[in-house]
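Chain by chain, the residues run as shown.
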Amino acid sequence: MKKTLLLAAAIVLLLTPFLHLAFAPGHPLHLSEFYVGLLGKFLCFAICALALDLIWGFGGILSLGHGLFFALGGYGMGMYLMRQIGRDGQYQSDLPDFMVFLNWKELPWHWALSDSLVGQIILALAVPGLLAAVFGYFAFRSRIQGVYFSIITQALTVAAMLLFFRNETGFGGNNGFTDFKRIAGLAITSPGMKVALCVASGLALIACYLIARALTQSRWGRILQAIRDAEGRVRFLGYDPVAFKLSAYVISALMCALAGILYVPQVGIINPSEMSPAASIEMAIWAAVGGRGTLLGPVLGAFFVNGTKSVFTVWWPEGWLYVLGALFIAVTLFLPTGLAGLARRFKK
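Reference entry: report on the structure contained in this document. (Residues numbered from 1 in each chain as written. Predicted model: local features only at pLDDT ≥ 70, side-chain atom pairs only at ≥ 80, totals over all residues. Heavy atoms only, no water.)

## As for the overall build of the protein chain
Part 1 of the argument: Broken down by element type, the protein chain carries 13 helices and four strands.
Part 2 of the argument: Here the C-alpha radius of gyration of the protein chain, 21 Å, is about what a compact globule of 348 residues would show, namely 20 Å.
Part 3 of the argument: By principal-axis analysis of the C-alpha atoms, the protein chain measures approximately 65 × 50 × 40 Å.
Part 4 of the argument: Expressed as a percentage of its 348 residues, the buried residues of the protein chain come to 49%.
Part 5 of the argument: Partitioning the contacts of the protein chain with sequence separation of at least 6, the portion at a separation of at least 24 is 76%.
Part 6 of the argument: Just so you have it, the protein chain exposes about 16800 Å², and 68% of that area is on carbon and sulfur atoms.
Part 7 of the argument: In the protein chain, the 25 positive side-chain charges and the 15 negative ones have mean positions that sit 15 Å from each other. (Helix = DSSP H or I, 4+ residues; strand = E, 2+ residues; numbered from the N terminus. Rg over C-alpha atoms; globule rule 2.2 N^0.38 Å. Buried < 20%, exposed > 50% of the residue type's maximum accessible area, 1.4 Å probe, protein only. Contact = heavy atoms within 4.5 Å. Areas by Shrake-Rupley, 256 points an atom, 1.4 Å probe, with all protein chains shown as cover. Lys, Arg positive; Asp, Glu negative; His and termini not counted. Charge placed at Lys NZ, Arg CZ, Asp CG, Glu CD.)

Structure representation (structure tokens):
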């Protein structure tokens, strides 16, 4: 099944650019820009679901703050994209428009690398990774776990969201970053760039899956699962649970940051709402619906939940939250192993 799904993913990644670029709009085989962008978004969401499954499904660590790492990656990429606007903005200034509006005269110190794509990507990964390392170290060393860990991760996310809402932080305040023009000197709205970002998201998802699979099947992964099932016994055997839980948490945060980096140029906006508690809770729902502890299950869950959301927000927008709640309750009560478990049943 895993090989079949990987083959299907490769075929989709090959067909997407072909159907979008080879056929003119209006042709029956043409894949519109809307669906290319939608697929790219779903692929980024799938990376987040996979990242959460690594720590929740295999480590028993339910984080309700992974939306923060996703948003930090997105903001890191957004800073570069804002600088690439140049003098094409409303105020025709080298500074981003929101800084001109606030009467700023120069870039803040934390925008020092924003002219470099490579430098900004490194920064967009390093900051969430460092934050996860520092926060995780103190949390795991203090033996905070279970619902208490979930609560403090959500509190951290809310605190960061309130910070980013402030104009003086230099991140665009309530409006965030938008109106992007170019990436690496190329028009961000061009068909080729849209396809390239979508394919890059797919390749990133496959790479993250292969890394997560290798880790979970290794000695490190077996110890992580043992910590999930009986942390006290693992500690008695001489292993340090802090090191294993911390490394899993940091790797998971880096995956989410990577998803945010790829997400922002495809949707064209990033603002503090990406750090809202609801965003992190949705990631947990994707993993639960897909089947945590399976790696592929959360990927399927992300596609299934977001695909259903896309349909219901067109047909019955006001009812989507009720559908989402009912779906989560139904999975919890009747399908605890998620879509992956249901697939295994049919396979038997």
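Still to come is the rest of the account.
## Let's talk about the nonpolar core
Part 1 of the argument: Core analysis: the biggest nonpolar cluster contains 99 residues, and Leu 50, Phe 70, Leu 81, Phe 177, Tyr 249, Met 275 and Trp 286 have the highest contact counts within it.
Part 2 of the argument: In terms of residue count, the dominant contributor to this core is helix H2 (residues 33-56) (17 residues).
Part 3 of the argument: Once residues lying within four places of it in the same chain are set aside, the contact partners of Phe 70 are Phe 45, Cys 48, Cys 256, Ala 257, Ala 259, Gly 260, Tyr 263, Glu 274 and Met 283. (Core = buried A, V, L, I, M, F, W, Y, C linked by side-chain atoms within 4.5 Å.)

## A short note on the packing of helix H6 (residues 147-164) against helix H10 (residues 277-290)
Part 1 of the argument: Running from N to C, H6 and H10 point in directions that differ by 140°, and their axes come no closer than 9 Å. Judged on the interaxial angle alone, H10 and H6 are oblique. Residues Gln 154, Thr 157, Val 158 and Met 161 of H6 form the contact with H10, whose own contacting residues are Pro 277, Ser 280 and Ile 281.
Part 2 of the argument: Split into classes, the residues belonging to the contact of H6 with H10 amount to four nonpolar, three polar and no charged. (Axes fitted to C-alpha atoms, helices over the stretch in contact; angles between N-to-C directions. Parallel < 35°, antiparallel > 145°, perpendicular 65-115°, else oblique. Nonpolar A, V, L, I, M, F, W, Y, C, P; charged D, E, K, R; others polar.)

## Let's talk about the side chain of Gln 84
Part 1 of the argument: One can find Gln 84 in helix H3 (residues 66-84).
Part 2 of the argument: Given the relative accessible area of 17%, Gln 84 is considered buried.
Part 3 of the argument: Excluding residues within four positions of it along the chain, Gln 84 makes contact with Asp 115, Arg 182, Ala 184 and Gly 185.

## Quick notes on H3
Part 1 of the argument: Taking 1.5 Å as the rise per residue, H3 with 19 residues should run 27 Å; its terminal C-alpha atoms sit 28 Å apart, in good agreement.
Part 2 of the argument: A positive phi of about 60° marks Gly 86, the residue just after H3. (Expected span 1.5 Å × (residues − 1).)

## Observations concerning the pattern of salt bridges
Oppositely charged side chains can pair when the atoms bearing their charge come close.
Part 1 of the argument: For the coordinates displayed, the defined rule picks out nine salt bridges.
Part 2 of the argument: Close ionic contact of Arg 87 with Asp 94 constitutes a salt bridge, the shortest N to O distance being 3.4 Å.
Part 3 of the argument: Close ionic contact of Asp 88 with Arg 182 constitutes a salt bridge, the shortest N to O distance being 2.9 Å. Placement of the pair is Asp 88 in the loop between H3 and helix H4 (97-101) and Arg 182 in strand S2 (residues 182-183), with a sequence separation of 94 residues.
Part 4 of the argument: Among the residues examined, Asp 88 registers a relative accessible area of 44% and is labelled partly exposed.
Part 5 of the argument: In this structure, a network of salt bridges that share partners links the residues Glu 231, Arg 235 and Lys 245. (Salt bridge = Lys/Arg side-chain N within 4 Å of Asp/Glu carboxyl O.)

## A short note on helix H12 (residues 320-334)
Part 1 of the argument: Taking 1.5 Å per residue, 15 residues should reach 21 Å; H12 reaches 21 Å between its end C-alpha atoms and fits that length.
Part 2 of the argument: Of all the residues in H12, the buried ones are Trp 320, Val 323, Leu 324, Leu 327 and Val 331. Seen end-on, H12 carries its buried residues on one side only, within an arc spanning 100°. In H12, the exposed positions that point more than 90 degrees away from the buried face belong to Leu 321, Tyr 322, Ile 329 and Leu 333. (Arc of directions from axis to C-beta.)

## Observations regarding the packing of aromatic side chains
Part 1 of the argument: Enumeration according to the criterion identifies 22 aromatic pairs in this entry.
Part 2 of the argument: A ring pair is formed by Phe 45 and Tyr 263, whose centres lie 5.5 Å apart and whose planes are at 40°; its orientation type is tilted. Of the two residues, Phe 45 is situated in helix H2 and Tyr 263 in helix H9 (residues 241-267); the sequence distance between them amounts to 218 residues. Comparing Phe 45 with Tyr 263, the two get one shared label, buried.
Part 3 of the argument: An angle of 75° between the planes, with centres 6.3 Å apart, marks the rings of Tyr 239 and Phe 244 as edge-to-face. (Phe/Tyr/Trp six-rings, centres within 6.5 Å; stacked < 30°, edge-to-face > 60°.)

## Describing a nonpolar patch on the surface
Part 1 of the argument: There is a patch of nonpolar side chains on the surface, built from Leu 7, Ile 11, Leu 15 and Phe 18 and spanning about 380 Å² of accessible area.
Part 2 of the argument: Here Leu 15 shows up in helix H1 (residues 2-21). (Patch = residues over 30% accessible without salt bridge, like charges linked within 9 Å, V, L, I, M, F, W, Y side chains within 5 Å.)

From the geometry alone we can't say anything about function, so treat these as descriptive.
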